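Secondary and tertiary structure notes
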Amino acid sequence: MPPAPPPLVLDLAGTFAFALNGALTAVRSARLDIVGVVTLGMITALGGGILRDVLLGALPPATFSDWRYLVVAAVGGLVAFVLSGRLDRLATPIAVFDALGLSLFAVTGAGRAIELGAGVGQAILLGAITAVGGGTLRDVLVRRVPSVLSSELYAVPALVGAAVVVLSARFGVGGTVWALVGAGACLAIRLLGIGFRLNAPRTGGH
Amino acid sequence: MPPAPPPLVLDLAGTFAFALNGALTAVRSARLDIVGVVTLGMITALGGGILRDVLLGALPPATFSDWRYLVVAAVGGLVAFVLSGRLDRLATPIAVFDALGLSLFAVTGAGRAIELGAGVGQAILLGAITAVGGGTLRDVLVRRVPSVLSSELYAVPALVGAAVVVLSARFGVGGTVWALVGAGACLAIRLLGIGFRLNAPRTGGH
Amino acid sequence: MPPAPPPLVLDLAGTFAFALNGALTAVRSARLDIVGVVTLGMITALGGGILRDVLLGALPPATFSDWRYLVVAAVGGLVAFVLSGRLDRLATPIAVFDALGLSLFAVTGAGRAIELGAGVGQAILLGAITAVGGGTLRDVLVRRVPSVLSSELYAVPALVGAAVVVLSARFGVGGTVWALVGAGACLAIRLLGIGFRLNAPRTGGH
């Protein structure tokens, strides 16, 4: 029995989290106007799913066929713009929304890759790409080295979350429960990574 | 009655304007050699249409199926390379060609999205993406914060121009006249935005 | 008689060379951890082919349908991470692996474009895009002006290598021999360009 498709609600929640994250990043690091803030929020929210669908050849991307993604992303950006004036410090919400989006997209991205017939390895990789894609575009646009290259455990938790979904589906026990387990594992590793400033091994030289 | 497709001549004119803009940007901000100048001109000219066609799932993109786009983009880059030595100051032509490309692509991009069956909201958004896409790639490649995020009224006029085309088509009065009205409205707003340094609202804090 | 498809071995060799190059670049210019190093290696190795397949409308890209590309890219990144501690200076291997990847992808990219029915001009351009695409993504991600815009003879040798393959196929003599001739020509021009710091003409002004 094929696994149920990832619940739409998880995917929209990830979209909303990344829209808040991208928009708050725009307020904080680039002092953009409302259009720039909402635009960066929408690119962060929709970029990962677009990249995934291009790599799966599933065009037009779901985010453009289904209005709900566009609306959720735009509303997230607007909410962040309005709220940003009330938040004393933005660093913590930015990091938390990023970790939430990362975790939700890792599992929904992997689920969609399975649905469309990708193999085990590809589905795990595509889950991770969905998770890190939007944030990578965000970082390039505000001229930072992307988190996926530099940050404490960013790609690793995404791969773990995607692997939980793909392997559970492979063993015939897929479904919303395992999607939540995968997302929870990803979120826990990411937050530990931030909290303890953990990194994967580095080279000694140079 | 479906609207006539946007006249090819408007699309090629936009391609030429963006090729001039991208190539002059290369001369001015990065002092590149002729290959770099023409390459940046071509990326600026073709990037928006490629992005639009990827999002519409209309691959290969029109710019690769139809030689005229490639030729016009390359010629524009070469012309700009040759002329750049004669221009005392490049800032004004760069801004004007950018505004022209923005206006023309907003209406032709929206027109192509309608042709390919996109809904009202998506067609407006895709018009704006066509308009701002090439310039965003240009800015990323020369390491500037993209105009679409930072600039005086850049995305807003593109959305207005696209909306004129989409709504006129929706009400059955589409055609070249309304494409010109949309492009004119976009151009006027953009040039006013530059002239008066207008911006959309900003947050107070941070 | 249509030309034989470019030997897979050349394409995998190019993938390996770019994976080494991207990963060593990550070690050198950004001091990334192992995940960042392998990620940048894989993006450099796979980016050009993905871009080419998007522009050809051949989705999902070969690099995602065929596991061997993913494995070769990942292994290349890991090998570079391990070896980087032993290399006193990284500048020379980085430049050489980049030139090798450029040369191999120019000919295999052009070959794949011909296979999929692209015209002469498009196939030459797509060969060059395959060759320079991964390195351009690499440079954007580590925040450098891309080699294709700034470097001594980078796009020119790629165009030459692709043209050798496309024109030999056009005259019915295509095959592995001409692919090697094209790659050799590209490599020679690129290395001469680096060695003698040659550049295409520049404008005088500004």
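Residues numbered from 1 in each chain as written. Chains lettered and ligands numbered in written order. Predicted model: local features only at pLDDT ≥ 70, side-chain atom pairs only at ≥ 80, totals over all residues. Heavy atoms only, no water.

Now for empty space enclosed by the protein. All names here are of chain A. One pass over the structure, following the stated rule, counts ten cavities of 30 Å³ or more. Considering only enclosed or pocket space, the second largest cavity measures out at about 70 Å³ in volume. Lining of the second largest cavity is provided by Asp-11, Thr-15, Ala-45, Leu-46, Gly-49, Arg-52, Ala-62, Thr-63, Tyr-69, Phe-105 and Thr-130. With four residues, helix 2 (residues 34-56) is the largest single contributor of residues to the lining of the second largest cavity. Among the residues making up the lining of the second largest cavity, the classes are represented as five nonpolar, four polar and two charged. (1 Å grid on protein atoms, 1.4 Å probe; cavity = no way out; pocket = protein on both sides within 12 Å on 5 of 7 lines; lining within 4 Å. Points joined across faces, edges and corners; volume = space filled by probe spheres on them. Helix = DSSP H or I, 4+ residues; strand = E, 2+ residues; numbered from the N terminus. Nonpolar A, V, L, I, M, F, W, Y, C, P; charged D, E, K, R; others polar.)

This part covers the UniProt feature "domain: Glycine transporter" (unreviewed entry) in chain A. This chain's UniProt record puts "domain: Glycine transporter" (unreviewed entry) on residues 9-83 and 96-168 of chain A. When the span residues 96-168 of chain A is considered, its composition is 82% helix and 0% strand, and the gap between its end C-alpha atoms is 26 Å. (UniProt positions renumbered as here; feature names shortened; annotations may be inferred.)

Examined against the element boundaries, B:Val156 turns out to sit in helix 8 (residues 155-170). C-alpha of B:Val156 to C-alpha of B:Gly134: the two residues are 22 residues apart in sequence and 16 Å apart in space.

All names here are of chain A. Taking 1.5 Å of rise per residue, the 23 residues of helix 2 would be expected to cover 33 Å, and the 33 Å separating its terminal C-alpha atoms lies within 8% of that figure. By the largest-angle criterion, Leu-46 marks the main kink of helix 2, which is about 40°. Burial analysis of helix 2 places 19 of its 23 residues in the buried class, the great majority of the element. One side-chain oxygen of the residue at the start of helix 2 lies 3.1 Å from the amide nitrogen of Val-35, identifying that residue as Asp-33. One or two positions beyond helix 2, positive phi appears at Gly-57, with a value near 70°. (Expected span 1.5 Å × (residues − 1). Bend = angle between axes of the 7 residues up to and from the residue. Buried < 20%, exposed > 50% of the residue type's maximum accessible area, 1.4 Å probe, protein only. Polar contact = N/O pair within 3.5 Å; in protein donor to acceptor, adjacent residues only side chain to side chain.)

Residue and element names in this part refer to chain B. Taken as a whole, the second largest pocket encloses approximately 470 Å³ of empty space. Contributing to the lining of the second largest pocket are 20 residues, with Arg-144, Ser-147, Ser-151, Glu-152 and Arg-190 lying nearest its centre. Those elements that place two or more of their residues in the lining of the second largest pocket are helix 1 (8-30), helix 5 (91-115), helix 6 (120-141), helix 7 (147-150) and helix 9 (176-195). Class assignment for the residues of the lining of the second largest pocket results in six nonpolar, six polar and eight charged.

Where charged atoms from two side chains of opposite charge approach closely, those side chains can pair. Residues and elements named next belong to chain B. A complete count under the given rule lists 18 salt bridges over all chains for this structure. Note that Asp-66 and Arg-68 form a salt bridge whose closest N and O atoms lie 2.9 Å from each other. Here Asp-66 falls in the buried class, since its relative accessible area comes to 18%. Given a relative accessible area of 45%, Arg-68 falls into the partly exposed group. (Salt bridge = Lys/Arg side-chain N within 4 Å of Asp/Glu carboxyl O.)

Moving on, we get to the relation of the copies chain B and chain A. Mapping chain B onto chain A calls for a rotation angle of 120° and an axial translation of 0.0 Å; the resulting RMSD is 0.0 Å. Here the two chains are linked by the operation of a three-fold rotation axis. By residue overlap, the copies meet through two different surfaces: only 14% of the interface positions of chain B are interface positions in chain A. (Least-squares fit on C-alpha atoms with pLDDT ≥ 70 in both. Contact = heavy atoms within 4.5 Å.)

This paragraph deals with the interface of chain C and chain B. Facing 29 residues of chain C, the contacting portion of chain B comprises 27 residues. Across the interface of chain C and chain B, roughly 2400 Å² is buried in total on both sides, 68% from carbon and sulfur atoms. Joining chain C to chain B, the criterion identifies three residue pairs in polar contact (both at pLDDT 80 or more). Put simply, the parts of the chain that give the side of chain C that touches chain B at least two residues each are helix 2 (34-56), helix 6 (120-141), helix 7 (147-150) and helix 8 (155-170) of chain C. (Buried area = accessible area lost by both parts, 1.4 Å probe.)

For the rest of this paragraph, the subject is the nonpolar core. In terms of nonpolar packing, the biggest core is built from 178 residues, with A:Leu46, A:Leu102, B:Leu46, B:Leu102, C:Leu46 and C:Leu102 touching the most fellow members. Setting aside chain neighbours within four positions, we find A:Leu46 in contact with A:Thr15, A:Thr63, A:Tyr69, A:Leu70 and A:Ala73. (Core = buried A, V, L, I, M, F, W, Y, C linked by side-chain atoms within 4.5 Å.)

A separate point is the packing of aromatic side chains. We describe a pair of aromatic rings using the distance from one ring centre to the other and the angle between the two ring planes. All names here are of chain C. Here the structure, examined in full by the defined rule, presents three aromatic pairs over all chains. Residues Phe-18 and Phe-105 carry aromatic rings whose centres are separated by 5.4 Å and whose planes lie at 50° to one another, so their mutual orientation is tilted. With Phe-18 in helix 1 (residues 8-30) and Phe-105 in helix 5 (residues 91-115), this residue pair connects regions lying 87 residues apart in the sequence. (Phe/Tyr/Trp six-rings, centres within 6.5 Å; stacked < 30°, edge-to-face > 60°.)

As a further point, take the interface of chain B and chain A. Across the boundary between the two partners, chain B contributes 29 residues, which contact 27 residues of chain A. Between chain B and chain A the total buried area reaches about 2400 Å² when both faces are included, carbon and sulfur atoms providing 68% of it. Our count for the chain B to chain A interface comes out at zero salt bridges. Put simply, chain B and chain A have three residue pairs in polar contact (both at pLDDT 80 or more) between them. Among the secondary structure elements, those contributing two or more residues to the side of chain B that touches chain A are helix 2 (34-56), helix 6, helix 7 and helix 8 of chain B. The greatest single-element share of the side of chain B that touches chain A, amounting to seven residues, is contributed by helix 6 of chain B. Residue composition of the side of chain B that touches chain A, by class: 16 nonpolar, ten polar and three charged.

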